[in-house]
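# Chain and residue survey
These are the residues of each chain, in order.
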Amino acid sequence: MQTRAIEVIRNQEVPFHNNVGFCIGTGRMGLALQQAYQDQLKLVQDEIGFSHIRGHGLFSDDMAIYHEYEEDGQTKVEYNYTYLDMVMDSYLRLNIKPFLELGFMPEKLASGTQTIFYWKGNTTPPKDYALWADMVQKLLLHLMTRYGADEVVTWPIEVWNEPNLPGFWEKADMQEYFKLFAVTLRAIKETDTRFRVGGPAICGVRDAEWMQAFLNFCKDEGLKPDFITRHHYTTELPEHVGHYGYTKLTEPEDGFANLQSTRDIIDSYPEFQGLEIHITEFNTSYIPNCPLHDTNENAAFIAHQLSRLGDVNESYSYWTFGDIFEEQGVPFTPFHGGFGLVANGCIPKPTFWTFAFYKRLQESGGKCVYKDDNVVILQKKDGSYLGVAWNHKPEGDGILELEISLPAEAENYTLLQKTVDENTCNPLKVWHDLGEPANPDDGQIKLLRESAVPLVTSGQLTVQEGRLGLQLELNSYAVVWFSLSERKETSDRGYDYRRVMGK
């Protein structure tokens, strides 16, 4: 067992920017027309609750927005917002707003035939930038008419997705993307200056080169993006076997250093210093068939990430909320290594609870009094504590014990814990023990859901010499939420708990 002693100093406050509930990722917009997608999103919203949702394919052909037709020997354009309204209505019913990613290219508007993914999103520039700008403006005007201008201008807008990869933007043509960004930004601001627009939505390939070139272009053109976007993944190249990609996690410090480099580049420009960075995608692996995503190891690693992603970034959007997702086709089994927090069948994965725990911290209004690589502790105005602890790098027998000493005002405290680890909340193991059914029946799905909830435990602690001693024992890849609040017994007349329990 590895043991660590932690002493929290009275009136101490440490930096901790926790914006975990700001945004969550989704597969392409058209998938929102499926009932299973809506069921998974409702579960996520009920248990966690995100403010925004971002996904690909807003302009892809399955959304059927852009159309051309011939009349009097001329090619004319018309727009169809039937599916758009269905998707947006469904989001707003679940109390989540779009973070609009503008892409991909409608086939009729595309300059080429290059596509990506099973669902063939076109990734070439527009054949006519004036038509692209008109499509963007008309879409925003439609949304403003339907939902109100004051509401829609609060929806952030991102121009394209990962243009530094040739699969997502033909030839990864930097100058062509800059043209797209400039035309789009100007068209949006012409529609309403209150819209907030960002880019370049790059991933970790030549990211420093792209970021510097993007900012140089914006400076030279007199453009001022409202925020900067980038992505963040933390695994090595995968080894592909059958339907799956197996990979190893990279060192967290390398990823955090890369994020810091983006912050440093932006702040080196007086015009852009302090500009918000939004990570519009992050996860461990960047492929949607990585078994790591379904594990408790993933949950513990993400717990560590969430403790620090706010250090230099305004927000960070996990990719994705659910496993209704088809980049490489329809998955064969419920546990196929999908990106989602929720497996098909509405089965929460361990990482689902990592987000739920951090969202409870965000909602508490407490100040952070301690943070390190294994725990975050907040104190509320009433003197109570709550926190999240994790064991993402198990050593020896895998058990990590945290001995935490906290300043306290009351005499007695109630301890509540919710534990997610390989023994207590591991639906992947249950599915494996069931024989890995590709299509589990209703009874099996019910069982898997039952196995996918945290273990809740409670206890009482007594203060000694103004200090509260808390011991947390974390198994390998455990994530634990805990709270400590003053205990005030209000027993009914004649009720004796010790007598009830035979003591």
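Everything below is about the structure shown above.
These remarks concern the structure in this document. None of these values were measured; they are calculated from a predicted model. Here, residues in each chain are numbered from 1, in the same order as that chain's written sequence. Restriction of local features to residues with pLDDT of at least 70 applies here, the model being predicted, together with a cutoff of 80 or more for giving and counting side-chain atom pairs; totals for whole chains, interfaces and linings are based on all residues. Only hydrogens and water are removed before side-chain values are computed, so all heavy atoms of the structure are retained for them.

## Concerning unusual backbone geometry
Cis geometry is found at the peptide bond from G103 to F104, where omega equals -10°. With respect to the element layout, F104 can be found in the loop between β7 (100–102) and β8 (115–116). In this chain, G199 is followed by P200 through a cis amide linkage whose omega measures 0°. Take P200: it is sitting in strand β11 (residues 197–202). The residue E162 is not glycine, and still its phi comes out positive at about 45°. Working definition: with a 1.4 Å probe on protein chains only, accessible area under 20% of the residue-type maximum means buried, over 50% means exposed, and in between means partly exposed. Look at E162 and you get buried, because its relative accessible area is 7%. Unusually for a residue other than glycine, E465 sits at a positive phi of about 55°. For the purposes of this entry, the term helix denotes a DSSP run of H or I that reaches at least four residues, the term strand denotes a run of E that reaches at least two, and both are numbered from the N terminus.

## Some points on the packing of aromatic side chains
We call Phe, Tyr and Trp rings a pair once their centres come within 6.5 Å, taking the six-membered ring for Trp, and we label the pair stacked below 30 degrees between planes, edge-to-face above 60, and tilted otherwise. Tallied over the entire structure, the rule returns 34 aromatic pairs. When the ring of F104 is compared with that of W119, the centres are 6.0 Å apart and the planes differ by 25°; the resulting orientation is stacked. Taken together, the residues span a long stretch of sequence, with F104 in the loop between β7 and β8 and W119 in the loop between β8 and β9 (121–122) at a distance of 15 residues. An identical accessibility class is assigned to F104 and W119; each is buried. Ring centres 6.2 Å apart and planes at 35° place the aromatic pair F104 and F168 in the tilted group. Here F168 lies in the loop between β10 (157–159) and α5 (174–191) and F104 lies in the loop between β7 and β8, a separation of 64 residues in the sequence. Here the two residues F104 and F168 agree in accessibility, since each one is buried. When the ring centre of W481 is taken as origin, the NZ or CZ atom of K418, which lies over that ring, is 5.5 Å away. By the criterion adopted, a ring carries a charge over it if an Arg CZ or a Lys NZ lies within 6 Å of its centre and within 35 degrees of its normal.

## Side note on the nonpolar core
General note: in soluble globular proteins, nonpolar side chains tend to be found buried as a group. Here the nonpolar core consists of buried residues drawn from Ala, Val, Leu, Ile, Met, Phe, Trp, Tyr and Cys, with membership extended through side-chain atoms lying within 4.5 Å. Among the nonpolar cores identified, the biggest contains 110 residues, and M88, Y91, W132, Y177, F355 and Y358 are the most heavily contacted of them. Top element by residues in this core is helix α3 (residues 129–147). It accounts for nine residues. Those residues in contact with F355, other than ones at most four positions away along the chain, are V20, I48, F50, F282, I302, L306, Y318 and L341. Judged by nonpolar contacts, the second largest core, of 26 residues, contains L402, A410, Y413 and F482. Only heavy atoms matter for contacts: two residues are in contact if any of them lie within 4.5 Å across the pair.

## Re the sheet that holds strand β23 (residues 412–420)
The rule for pairing is simple: two strands pair if DSSP sees at least two bridges between them. Pairing is antiparallel across the open sheet formed by six strands, whose spatial order is β19-β20-β21-β26-β23-β24. Lying at the two open borders of the sheet, with one neighbouring strand each, are β19 (367–371) and β24 (455–462). Direction aside, neighbouring strands of the sheet carry axes that sit 20° apart on average. Here strand β21 (residues 385–390) runs beside strand β26 (residues 479–486); their pairing, made up of six bridges, is antiparallel. Counted as the bridge partner of G387 is F482 from β26. Here an angle of 0 to 180 degrees is reported between the N-to-C directions of two axes, which are lines fitted to C-alpha atoms, with helices fitted over the stretch in contact. In the packing of helix α8 (residues 296–308) onto the sheet, the strands contacted are β19, β20 (375–379), β21, β23 and β26, and the crossing angle to β21 comes to about 125°. Most of the contacts of helix α9 (residues 350–364) go to β21, to which it runs at about 155°, and overall it touches β20, β21, β23 and β26.

## Digging into the side chain of T229
Tracing the backbone through its elements, the reader meets T229 in strand β12 (residues 227–233). Note on T229: relative accessible area 0%, which makes it buried. At 2.8 Å, the side chain of T229 forms a polar contact with the side chain of E158. Not counting the four nearest positions on each side in its chain, T229 is found in contact with E158, G198, G199, P200, A201, I202, M211, H278 and T280. Polar contact is the term for a pair of N or O atoms within 3.5 Å; when the atoms are in protein, one must be able to donate a hydrogen and the other to accept it, and sequence-neighboring residues count only if both atoms are side-chain atoms.

## Focus: the pattern of salt bridges
A side chain of one charge can pair with a side chain of the opposite charge when the charged atoms of the two come close. The term salt bridge refers to a pairing of a side-chain nitrogen on Lys or Arg with a carboxyl oxygen on Asp or Glu at a separation within 4 Å. For the coordinates displayed, the defined rule picks out 36 salt bridges. The partner of D207 in a salt bridge is R230, with the nearest N and O atoms 3.8 Å apart. Remark: R230 occurs in strand β12 and D207 occurs in helix α6 (residues 207–221); sequence separation between them is 23 residues. Here D207 matches R230 in class, with each residue buried. A cluster of three or more residues bridged by salt bridges with shared partners is formed by E253, R308, D311, K371 and D373.

## Notes on the packing of α5 against α6
The N-to-C vectors of α5 and α6 enclose an angle of 45°; their axes lie 11 Å apart at closest approach. Comparing the axis directions of α5 and α6 gives the class oblique. As α5 runs across α6, the sense of the crossing is right-handed. Of the residues in α6, those touching α5 at M174, Y177, F178, K179, F181, A182 and R186 are E209, W210, A213, F214, F217, C218 and E221. Put simply, angles under 35 degrees are roughly parallel, angles over 145 are roughly antiparallel, angles from 65 to 115 are roughly perpendicular, and the rest are oblique. Crossing chirality is assigned from the near helix's rotation relative to the far helix, an anticlockwise turn below a right angle marking it left-handed and a clockwise turn marking it right-handed.

## What about the sheet that holds strand β25 (residues 467–474)?
The sheet built from three strands is open, its strands ordered β1-β22-β25 with mixed pairing. In the strand order of this sheet, the two ends are held by β1 (2–7) and β25, each with one partner. Across the sheet, the axes of successive neighbouring strands diverge by a mean angle of 15°, strand direction being ignored. Both β1 and strand β22 (residues 400–407) contribute to a ladder of six bridges, which runs parallel. Looking at β22, one finds that T3 is bridged to E401.

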